[in-house]
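One-letter residues, chain by chain:
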Amino acid sequence: MNKPLINIADASSESSAPGAHFERVTTALSAALGARSIGANVTRVPPGKAAFPLHHHSANEEHFFIISGSGTLRRGRDSFPVKPYDYIVNPPGGPEHAHQLINTGDRELVYLAISTLRLPEVVGYPDSGKTGVRVSASLSGRVLFPDSAKDTVGYWDGEGAQVAAFVDASKR
């Protein structure tokens, strides 16, 4: 039987620094233990950076526990200072539940992130005006599109030709 625990020193970490404003080191905890319904990681963010864009989930709930450092939680149109031992709950919902932690302090911001892992998932990004849809755990299972593309194609657009072809073929 595998051990049902992991020490953060033994867990694998991934670094990401996409652009001037985002940077993080994420240490996966729950995946290494075979978790299927709840994800957990420790995220480290240097001063002046955010780990992720402002976003909101339609299916998943995220919780954050601030371990060290300080920063600002953006939540909808509001912002709140955060410090060690603050616990944050981000329920699924629309733009009013959009959330982002920014390290506005002068030392590394470290927090435990816990989330449900429901798929499919739709994620809105209010700052950039885009929406993401994820159907699998891998990044290849995600599609992003600009919000300006919404409602440009109707539900019935392009439908019907195959039905007509089958009807015509059945009359021959």
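On a predicted model such as this, the values are computed, not experimentally measured, just so you know.

Criteria and cut-off values
- Residues numbered from 1 in each chain as written.
- Predicted model: local features only at pLDDT ≥ 70, side-chain atom pairs only at ≥ 80, totals over all residues.
- Heavy atoms only, no water.
- Pairing = 2+ DSSP bridges.
- Helix = DSSP H or I, 4+ residues; strand = E, 2+ residues; numbered from the N terminus.
- Axes fitted to C-alpha atoms, helices over the stretch in contact; angles between N-to-C directions.
- Salt bridge = Lys/Arg side-chain N within 4 Å of Asp/Glu carboxyl O.
- Phe/Tyr/Trp six-rings, centres within 6.5 Å; stacked < 30°, edge-to-face > 60°.
- Buried < 20%, exposed > 50% of the residue type's maximum accessible area, 1.4 Å probe, protein only.
- Lys NZ or Arg CZ within 6 Å of the ring centre and 35° of its normal.
- Core = buried A, V, L, I, M, F, W, Y, C linked by side-chain atoms within 4.5 Å.

1. Concerning the sheet that holds strand E9 (residues 99-102)
Part 1: On the basis of which strands lie adjacent, the open sheet formed by three strands has the order E7-E6-E9 and antiparallel pairing. In this open sheet, the two edge strands, each paired with only one partner strand, are strand E7 (78-82) and E9. When strand polarity is set aside, the average angle formed by the axes of neighbouring strands in this sheet is 20°.
Part 2: Sheet topology places strand E6 (residues 71-75) next to E7; five bridges connect them, and they run antiparallel. Bridged to Arg74 within E7 is Ser79.

2. Topic: the pattern of salt bridges
Part 1: Scanning all chains against the criterion turns up four salt bridges.
Part 2: When the shortest N-O distance is used, the salt bridge between Asp86 and Lys83 registers 3.6 Å.

3. Looking at the pairing of strand E12 (residues 130-134)
Part 1: In terms of strand pairing, strand E11 (residues 121-125) meets E12 through five bridges, oriented antiparallel. Each bridged residue has a counterpart across the sheet, and for Tyr125 the counterpart in E12 is Lys130.
Part 2: Counting the residues that bridge the hairpin from E11 to E12 gives four residues, and of these Gly129 lies at a positive phi of roughly 65°.

4. Topic: the sheet that holds E11
Part 1: Strand order in the open sheet formed by four strands is E4-E11-E12-E13, with antiparallel pairing between adjacent strands. Edge positions in the open sheet fall to strand E4 (56-57) and strand E13 (142-146), since each of these has one partner strand only.

5. Observations concerning unusual backbone geometry
Part 1: Residue Pro120 follows Leu119 across a cis peptide bond; omega there is 0°.
Part 2: Tracing the sequence through the fold places Pro120 in the loop between strand E10 (109-116) and E11.
Part 3: Located in the positive-phi region is Tyr85, a residue other than glycine, with phi close to 80°.
Part 4: With respect to the helices and strands, Tyr85 occurs in the loop between E7 and strand E8 (87-90).
Part 5: Look at Asp151: it is not a glycine, yet its phi comes out positive at around 65°.

6. Things to note about the packing of aromatic side chains
Part 1: Inspection of every chain in the model, using the stated rule, returns three aromatic pairs.
Part 2: Aromatic pair Phe64 and Tyr111: ring centres 5.2 Å apart, planes at 65°, arrangement edge-to-face. Pair noted here: Phe64 is in strand E5 (residues 62-68) and Tyr111 is in strand E10, with a separation of 47 residues, a long-range link. We note that Phe64, like Tyr111, is buried.
Part 3: Ring centres of Tyr155 and Trp156 lie 4.8 Å apart, and the angle between their planes is 90°; on these two criteria the pair is classed as edge-to-face.
Part 4: Residue Tyr155 is classed as exposed on the basis of its relative accessible area of 68%.
Part 5: Across the ring face of Tyr125, the terminal group of Lys130 is positioned such that the distance to the ring centre comes to 5.3 Å.

7. So, the nonpolar core
Part 1: With 11 residues, the main nonpolar core is built from Val45, Ala51, Phe64, Ile66, Leu73, Val82, Ile88, Leu101, Leu109, Tyr111 and Ala113.
Part 2: Mapped by element, the contributors of at least two residues to this core are E5 and E10.
Part 3: Looking at this core element by element, the count peaks at three residues for E10.
Part 4: Residues Leu29, Ala40, Val42 and Val110 belong to the second largest nonpolar core, which totals five residues.

Everything listed is a geometric property; what it means functionally is a separate question.
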